[in-house]
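For reference, the chains in residue letters:
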Amino acid sequence: MALLKVKFSQKKRVKLAQGLWLMNWFSVFAGITVFSMGLFLKIELRKRSEVMDNAESHVVPNSLILMGILSCAFNGFAGKICYDSLDPTKFAKWKPLLKPYLALCFLFNILIFFVALICFLMRGSLESTLAHGLKSSMKFYRDTDTPGRCFMKKTIDMLQIEFKCCGNNGFRDWFEVQWISNRYLDFSSKEVKDRIKSNVDGRYLVDGVPFSCCNPSSPRPCIQYQITNNSAHYSYDYQTEELNLWRRGCREALLHYYTSMMSSMGAIVLFVWLFEMSVMVGLRLLHTSLESITNPEDRECESEGWILENSLKDTIKSTLESLKKIGKSNQVEADAKVAEGEEGGKTPAIATVS
């Protein structure tokens with residue numbers, strides 16, 4: 001028994017073809033949207049590539065760009081088929097290509113579904129990328145005179161100001177790195193010497209943060225140095241004072257920004273996938289309804305369309321049997337080649353009569 005068998009009159013076939021033609025062009029615009037989203041996300045990721053550890057995060061935008069291009073190509077082609085299906089003479093040239101095309105459409109829809117899933121599941125990989133990237137970038141904050149790293153200070157300052165964040169996980173991360181360049185340190189000062197000698201790596205570590213960590217909304221002037229020293233500031237208690245610094249770490253801020261963006265894109269791609277599936281089903285119904293016309297000369301006759309010629313169970317069973325037959329035939333051919341090779345390797349015996 002065929003799956004989702006539907007009877008079609010000439011009028012219904014025309015309406016289906018016209019509806020599918022329109023849906024295919026909507027899908028082309030959807031493909032352009034997906035392509036644009038991928039391009040936008042790629043640009044956004046490249047803007048902050050200095051604070052990312054690897055290129056894994058570009059899997060999502062690259063996939064979206066590819067799916068967008070394929071969607072435009074597949075749906076543009078399908079639109080042409082639907083338009084030509086209104087004329088039997090024009091449709092005849094597409095008949096041999098429809099089954100392979102529908103198989104490609106099925107694979108394409110599987111890919112779209114997986115791209116939508118990737119958009120939702122990239123959080124873990126992105127979090128690890130940001131954590132390592134930000135940690136490395138903070139170490140280079142002071143290298144304003146080093147070629148290739150001189151831009152890092154500006155990049156991190158702009159990042160902290162734009163996303164209202166401080167450090168990797170929080171402002172205390174700046175206590176663990178030397179973010180002040182040696183160029184601006186007075187090595188004749190006892191305080192500087194003591195601080196450098198106080199740690200094994202010989203770094204100048206302070207309980208302070210860059211100016212970009214300051215929250216301008218705070219009524220108190222920014223306390224960015226000696227943050228943990230209560231006696232250094234009037235009416236100040238480090239433990240209870242509402243610090244005038246950004247509390248949130250930049251990893252969390254960037255992660256929220258990118259994951260919310262990717263989740264929105266994933267929802268749009270999922271909607272595109274559902275739309276593409278409906279187009280594929282409609283195209284399959286149109287294909288089978290045109291193939292099942294008993295009298296091609298009678299354009300007004302009724303025909304039947306279906307998704308699968310047999311039930312889902314029977315279709316899966318016959319597909320598995322076909323795959324087994326292909327596997328067996330390949331095995332037989334391989335055995336025959338091995339046998340031929342063995343016979344060719346043997347030297348014929350020459351009998352001598354004395």
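Residues numbered from 1 in each chain as written. Predicted model: local features only at pLDDT ≥ 70, side-chain atom pairs only at ≥ 80, totals over all residues. Heavy atoms only, no water.

It is worth spelling out the state of the cysteines at this point. For the structure on display, the rule yields three disulfides. Note that cysteine 165 is cross-linked by a disulfide to cysteine 250, the S-S spacing being 2.1 Å. Between cysteine 165 and cysteine 250, the disulfide has an S-S torsion of 85° and is therefore right-handed. Here cysteine 165, found in the loop between helix H6 (152-163) and helix H7 (190-197), pairs with cysteine 250, found in helix H8 (residues 250-291); they are 85 residues apart in sequence, far enough to count as distant. Both residues of the pair, cysteine 165 and cysteine 250, count as buried. Covalent S-S linkage joins cysteine 214 and cysteine 222, the inter-sulfur distance amounting to 1.8 Å. (Disulfide = S-S within 2.5 Å. Helix = DSSP H or I, 4+ residues; strand = E, 2+ residues; numbered from the N terminus. Buried < 20%, exposed > 50% of the residue type's maximum accessible area, 1.4 Å probe, protein only.)

A separate point is helix H5 (residues 123-139). With 17 residues, H5 ought to run about 24 Å at 1.5 Å a step, and its terminal C-alpha atoms sit 25 Å apart, in line with that. Here H5 has its buried residues at Leu126, Thr129, Leu130, Gly133, Leu134, Ser137 and Met138. Down the axis of H5, the buried side of the element spans an arc of 145°, and every buried residue falls inside it. Against H6 and H8 lie the buried residues of H5. (Expected span 1.5 Å × (residues − 1). Arc of directions from axis to C-beta. Contact = heavy atoms within 4.5 Å.)

Residues annotated in UniProt with the feature "transmembrane region" (unreviewed entry) correspond here to residues 20-41, 101-122 and 255-275. Segment residues 20-41 splits into 100% helix and 0% strand. End C-alpha atoms: 31 Å apart. Taken end to end, residues 101-122 is 95% helix and 0% strand, and its two terminal C-alpha atoms sit 31 Å from one another. (UniProt positions renumbered as here; feature names shortened; annotations may be inferred.)

Before going further, it helps to spend a moment on the pattern of salt bridges. A complete count under the given rule lists eleven salt bridges for this structure. Salt-bridge contacts for glutamate 44 lead to lysine 47; the nearest nitrogen and oxygen are separated by 2.9 Å. Of this pair, glutamate 44 and lysine 47 both sit in helix H1 (residues 10-47), three residues apart, which is roughly one turn of that helix. Put simply, Glu44, Lys47, Arg48 and Glu162 are held in one network by salt bridges that share partners. (Salt bridge = Lys/Arg side-chain N within 4 Å of Asp/Glu carboxyl O.)

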